[in-house]
Amino acid sequence: MLPEEPGALRALLAAVAAGSAAPDDPRLQDTAKNSALALIGITTDAPELVQCVAEERGALTALLSAVAAGGAAAPPSLQQVAAHSALVLGFIANGVPEYAQRLAEEPGALRAFVAAVAAGGAAAAPNLQNAAANSAVALRAIITRAPECVQLVAEEPGALRALVAAVAAGSAMAAPDRQVAALSSVCSIAMKIQAGRAYVLRVAQEPGALSALVAAVAAGGPTAASILQAVAKQSSLVLANIASATPRLAQRLAEAESALPALAAGMAAGGATATNCAEALGAIAEAGPALTQCVAKARGALPALVAAAAAGGNASAAAGAAVAIIKSWAQAAVATAGAACVHCGRSTDQATGVRLRVCAGCNTARYCNAECQRHAWNGHKVACRALAATSGGNVGA
């Protein structure tokens, strides 16, 4: 077995280091590439040997140097070495918390991963996309396995920008590496926002962050690939945290392009995505009456809210938020007339004894008589049916 050969791991790591330091030597680069592939094979086929690789003297330094050397200006072979080395480091970070923390604290480690993720942009070559995906996976592993390192990753210059860009690219493109990078990146963002409100604010204020997260939710519909649905779930979680943080952030999300229709559509996805989207919409609606109206009037929102409210049971969290939004909106819609007839505006007149009739569908709107009710029905029916759907009323008007 290769790892049992005296000096085998040391030789492989030395070859990786030598090739990474020789950008003008194709022979050394090929040797480095094959050596990194061998390390992937060792750590994949025998996960228990991850410890052997991690504890080999100089292993982290050699692999990180390879990741750092595989930038956009590097030869394709060095970019491959970088991608392979990042994958091995991801295995190491995912091994045990101690390895994840050691990797996060290794000088230049986070900088190398962030740079690799950033280099895998929309126009990047396939090797760079692969390196970006593997580096994003490594960052996610560090945060997952060593939560105490969340702050280190959050404070790394350029980290948030690189992760947001990866989410945006993964939602817009079908390349598997892009989608892997998007999932790992949004998971990292989602885990980091648990660290405190300050990071939620940073995410909300990062240029392009809201639009990237909204696009990810929109791309993860019921018929989307499972990895895109996972990206949508994590993205909706981040958006729910943003909307729930402060009324100002809720308004900012509501004003983001296509945000409300995307969240409404996300409620049809079911599961955690539906719950997260409902929570986000609920937080937006709670931020003020005007935003409640915006939520209910967004494209596709009302049918999605009514469906979620009707689902109840298995979707209780989403149902509760949906019911609250619908009632707030519909009651506001029919309350504009106050205690007057919705159609003609006449109020109850004690002198003449005229008494207004209450709509049997929503038990809220008032009318002088059946004729006024008939004339007002076209304008009232949406609110009436929404209220009835959430209160068990009879929409027979």
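Let us look at the structure shown here. Keep in mind it's a predicted model, so treat the numbers as computed, not measured. (Residues numbered from 1 in each chain as written. Predicted model: local features only at pLDDT ≥ 70, side-chain atom pairs only at ≥ 80, totals over all residues. Heavy atoms only, no water.)

### With respect to the environment of Glu371
So, step 1. Inspection of the secondary structure assignment puts Glu371 in helix H21 (residues 370–391).
So, step 2. The exposure class assigned to Glu371 is partly exposed, which follows from its relative accessible area of 46%.
So, step 3. Measuring from C-alpha to C-alpha, the distance between Glu371 and His343 comes to 9.3 Å, with 28 residues separating the pair along the chain. (Helix = DSSP H or I, 4+ residues; strand = E, 2+ residues; numbered from the N terminus. Buried < 20%, exposed > 50% of the residue type's maximum accessible area, 1.4 Å probe, protein only.)

### Describing helix H5 (residues 76–95)
So, step 1. With 20 residues, H5 should reach 28 Å at 1.5 Å per residue; the first-to-last C-alpha distance of 29 Å fits that figure.
So, step 2. Counting buried positions over the 20 residues of H5 gives 14, a clear majority of the element. (Expected span 1.5 Å × (residues − 1).)

### So, the side chain of Thr43
So, step 1. With respect to the helices and strands, the residue Thr43 is situated in helix H2 (residues 26–45).
So, step 2. The class of Thr43 is buried, set by a relative accessible area of 3%.
So, step 3. Only 2.8 Å separates the side chain of Thr43 from the backbone oxygen of Leu39, close enough to count as a polar contact. (Polar contact = N/O pair within 3.5 Å; in protein donor to acceptor, adjacent residues only side chain to side chain.)

### Here we look at unusual backbone geometry
So, step 1. Even without glycine at this site, Ser258 takes up a positive phi of about 65°.
So, step 2. Mapped onto the elements of the fold, Ser258 is located in the loop between helix H15 (247–255) and helix H16 (259–266).

### With respect to the packing of helix H12 (residues 197–205) against helix H14 (residues 226–245)
So, step 1. Interhelical geometry of H12 versus H14 gives an angle of 105° and a closest axis separation of 10 Å. Judged by the inter-axis angle, H12 sits roughly perpendicular to H14. Across from Arg197, Val200, Val203 and Ala204 in H12, the residues of H14 making contact are Val238, Asn241, Ile242 and Ala245. (Axes fitted to C-alpha atoms, helices over the stretch in contact; angles between N-to-C directions. Parallel < 35°, antiparallel > 145°, perpendicular 65-115°, else oblique. Contact = heavy atoms within 4.5 Å.)

### A word on the pattern of salt bridges
So, step 1. Here the structure, examined in full by the defined rule, presents two salt bridges.
So, step 2. Where Glu56 meets Arg10, a salt bridge forms, and the shortest distance between an N and an O atom there is 3.2 Å. Of this pair, Glu56 sits in the loop between helix H3 (50–55) and helix H4 (59–69) while Arg10 sits in helix H1 (residues 8–20), and the two are 46 residues apart along the sequence.
So, step 3. With a relative accessible area of 17%, Glu56 lands in the buried category.
So, step 4. Given the relative accessible area of 56%, Arg10 is considered exposed. (Salt bridge = Lys/Arg side-chain N within 4 Å of Asp/Glu carboxyl O.)

### Some words on the nonpolar core
So, step 1. Counting residues in hydrophobic clusters, the biggest one holds 117 residues, and the most contacted among them are Ile92, Val203, Ile242 and Ile284.
So, step 2. Of all the elements, helix H11 (residues 176–193) adds the most residues to this core, at eight residues.
So, step 3. Contact partners of Ile92, with chain neighbours within four places excluded, come to Val50, Val53, Ala54, Leu60, Leu63 and Tyr99.
So, step 4. Formed by 12 residues, the second largest nonpolar core is a distinct cluster that contains Cys341, Leu356, Ala376 and Trp377. (Core = buried A, V, L, I, M, F, W, Y, C linked by side-chain atoms within 4.5 Å.)

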